[in-house]
Amino acid sequence: FGRSSKGIGQMKLEELRGEIDRIDQELVLLLEKRFEVTEQVADYKIRNHRAVQDQERERCKLKQVAQMAGPALDAEALEQLFRLILALSSSTRKS
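Residues numbered from 1 in each chain as written. Predicted model: local features only at pLDDT ≥ 70, side-chain atom pairs only at ≥ 80, totals over all residues. Heavy atoms only, no water.

Even without glycine at this site, His49 takes up a positive phi of about 55°. For His49, the location among the structural elements is in the loop between helix 1 (5-47) and helix 2 (55-68). When its relative accessible area of 77% is taken as the criterion, His49 is described as exposed. (Helix = DSSP H or I, 4+ residues; strand = E, 2+ residues; numbered from the N terminus. Buried < 20%, exposed > 50% of the residue type's maximum accessible area, 1.4 Å probe, protein only.)

Here it is as structure tokens:
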């Protein structure tokens, strides 16, 4: 023991920051995987003479994601995040 409460609080803070870092790493890996899969979808659509972008699917996906928001997430903010993910996915395909 012999630690002040401030020291314990600092340890807790570092543990929490470490957890955030691990979560961020997982998010990056999942986004990379998502972009790889969307690239495969685009390739399939191109080979089969289908439109690559499906606005109806995107609208449904955004609605679905907003409904997934739990109490710690604002549904509108989550929808904005996924709009950005969709846009990044599309811009990655074009480059």
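Time to look at helix 2. Taking 1.5 Å of rise per residue, 14 residues should cover 20 Å, and helix 2 covers 20 Å from first to last C-alpha, within 8% of that figure. Turning to helix 2, its buried residues number three or more, namely Lys61, Leu62, Val65 and Ala66. Buried residues of helix 2, viewed axially, fall in a sector of 135°; they line one side. Exposed side of helix 2, more than 90 degrees from the buried face: Arg57, Arg59, Lys63 and Gln67 are the residues found there. Backbone nitrogen of Glu56 and a side-chain oxygen of the N-cap are separated by 3.3 Å at the start of helix 2; the cap is Asp54. (Expected span 1.5 Å × (residues − 1). Arc of directions from axis to C-beta. Polar contact = N/O pair within 3.5 Å; in protein donor to acceptor, adjacent residues only side chain to side chain.)

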